[in-house]
Amino acid sequence: MMRRRDVLVGLSSLPLAAWAQPAARIPELLWFIFLERGRPTPDDKAAVAAMQRGHIDNFKRLFGLGLLLAAGPLRDPSGIKRGIVLVRATSREQLQSYFEPDEYVREGYMTVNATPCGARRGLNTEGIDPNGIEESRIVLLGRSSQAAASSNALADKLEALLKAELIGAWYRLSEGPVAEILFARSGNSAAVQAALVEDPGVADGSVSLAMWPQWLGKGVLR
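Because the structure is predicted, anything quoted here is derived from the model rather than measured.

**Regarding the sheet that holds strand S2 (residues 68–73)**
Phase 1 of the analysis: One open sheet holds the eight strands; their spatial order is S2-S3-S1-S4-S6-S7-S5-S8, and the pairing between them is antiparallel. In the strand order of this sheet, the two ends are held by S2 and strand S8 (209–217), each with one partner. Within the sheet, the average angular offset between the axes of one strand and its neighbour, ignoring direction, is 30°.
Phase 2 of the analysis: With four bridges connecting them, strand S4 (residues 110–121) and strand S6 (residues 169–173) associate as antiparallel partners. Across the sheet, the residue bridging to Gly 118 is Arg 172, located in S6.
Phase 3 of the analysis: Packed on one face of the sheet, helix H3 (residues 45–64) meets strand S1 (30–37), S2, strand S3 (81–88) and S4 and runs near 155° to S2.
Phase 4 of the analysis: Helix H7 (residues 189–197) contacts strand S5 (133–142), strand S7 (178–185) and S8 of the sheet and is inclined by roughly 150° relative to S8.

**Some words on H3**
Phase 1 of the analysis: Compared with an ideal rise of 1.5 Å per residue, which puts 20 residues at 28 Å, H3 spans 29 Å between its outermost C-alpha atoms and is within 8% of the ideal.
Phase 2 of the analysis: All buried positions along H3 are accounted for by Val 48, Met 51, Gln 52, His 55, Ile 56, Asn 58, Phe 59, Leu 62, Phe 63 and Gly 64.
Phase 3 of the analysis: The residue sitting at the N-terminus of H3 and contributing the capping side-chain oxygen is Asp 44; that oxygen lies 3.0 Å from the backbone nitrogen of Ala 46.
Phase 4 of the analysis: Just past H3, the residue Gly 66 takes up positive phi, approximately 75°.

**Considerations on the pattern of salt bridges**
Side chains that differ in sign of charge can pair as their charged atoms come close.
Phase 1 of the analysis: On inspection of all chains with the given rule, the structure shows seven salt bridges.
Phase 2 of the analysis: In this structure, Lys 81 engages Glu 36 in a salt bridge whose closest nitrogen and oxygen atoms are separated by 3.3 Å. Note that Lys 81 is positioned in strand S3 and Glu 36 in strand S1, a separation of 45 residues in sequence.
Phase 3 of the analysis: Its relative accessible area of 17% is what places Lys 81 among the buried residues.

**A word on the nonpolar core**
Phase 1 of the analysis: Of all hydrophobic cores here, the largest spans 23 residues; its most connected members are Ile 33, Leu 35, Leu 95 and Phe 99.
Phase 2 of the analysis: When residues of this core are traced back to their parent elements, those giving at least two are S1, H3, S2, S3, helix H5 (103–106) and S4.
Phase 3 of the analysis: With five residues, the single largest contributor to this core is H3.
Phase 4 of the analysis: What Leu 95 contacts, discounting residues up to four positions off in sequence, is Trp 31, Ile 33, Val 87, Ala 89, Val 112 and Ala 114.

**Overview of the pairing of S3**
Phase 1 of the analysis: Along S3, six of the eight residues are buried, which leaves the element largely enclosed by surrounding structure.
Phase 2 of the analysis: For S1 and S3, the ladder comprises seven bridges, and the chain directions are antiparallel. In the strand pairing of S3, Ile 33 is matched with Val 85.
Phase 3 of the analysis: In this structure, S2 lies alongside S3, joined through five bridges in antiparallel fashion. Note on S3: the bridge partner recorded for Ala 71 is Val 85.

Quick notes on the rules
Positions within a chain are numbered from 1, following the residues in the order the chain's sequence is written. In keeping with the model being predicted, local features are shown solely for residues with a pLDDT of at least 70 and side-chain atom pairs are shown and tallied solely at 80 or more, while totals for entire chains, interfaces and linings include all residues. Water and hydrogen atoms play no part in the side-chain values, which are based on all heavy atoms of the structure. A pair of strands is treated as paired once DSSP finds two or more bridges between them. Only DSSP runs of H or I covering at least 4 residues are called helices, and only runs of E covering at least 2 are called strands; the numbering of each starts at the N terminus. Orientation is described by axes fitted as lines to C-alpha atoms, over the contacting stretch for helices, and by angles from 0 to 180 degrees between their N-to-C directions. We call two residues in contact when some of their heavy atoms are within 4.5 Å. The span expected for a helix works out to 1.5 Å for each residue beyond the first. Summary of the burial criterion: residues with accessible area below 20% of their type's maximum are buried, those above 50% are exposed, and those between are partly exposed, where the area comes from a 1.4 Å probe applied to protein chains only. We call two N or O atoms a polar contact when they sit within 3.5 Å, provided that within protein one can donate a hydrogen and the other can accept it, with sequence-adjacent residues counted only if both atoms are side-chain atoms. Salt bridges are defined as contacts in which a side-chain nitrogen from Lys or Arg sits within 4 Å of a carboxyl oxygen from Asp or Glu. Nonpolar core, defined: a set of buried Ala, Val, Leu, Ile, Met, Phe, Trp, Tyr and Cys residues in which side-chain atoms within 4.5 Å join the residues together.

From the geometry alone we can't say anything about function, so treat these as descriptive.
Written out as structure tokens, the structure reads:
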């Protein structure tokens, strides 16, 4: 179920021409997806291996159509969140249809937790090394219950991290408990952590902070 090496090697085997192939009409709305743990997978190892191949093949298909911008597994200590996917879709229904060929999702072994989002700086989609895998860090900041002034102060801090190249991508989720998703290179993670814990909202717990290992194709995180 979304094993790190299998997913990324599977995606990296896609020819560069397929990565660049546009869909006839690419939807405008951007969605940030967490693939989350569903019901237990079968004990049949051959069946699970077949599902894994189909899972990767579906990602390849969506990449080839220009609908999927990025995907990769992460290490959530709770084991609930298994990976991230970024797609363009005109509606939640269309988004869900992308996963119909994926037995993992279709049969409930993984669930799709999707939220519309905006990209302050998106993950890179051009010039990707098709044979490379990079470990990075995904940072999840909770939605603030503080006044707008405090929220603006946190936004200013994130802008500074972006300008300093300590984070390479930043997405704002439109709803739900997670408000901001950041991607930092693993070598920058200590500096990002140190900067964020100084924020008053993070310090007093009104803004939750989590940072986990994330794996992406080489060059996706600029």
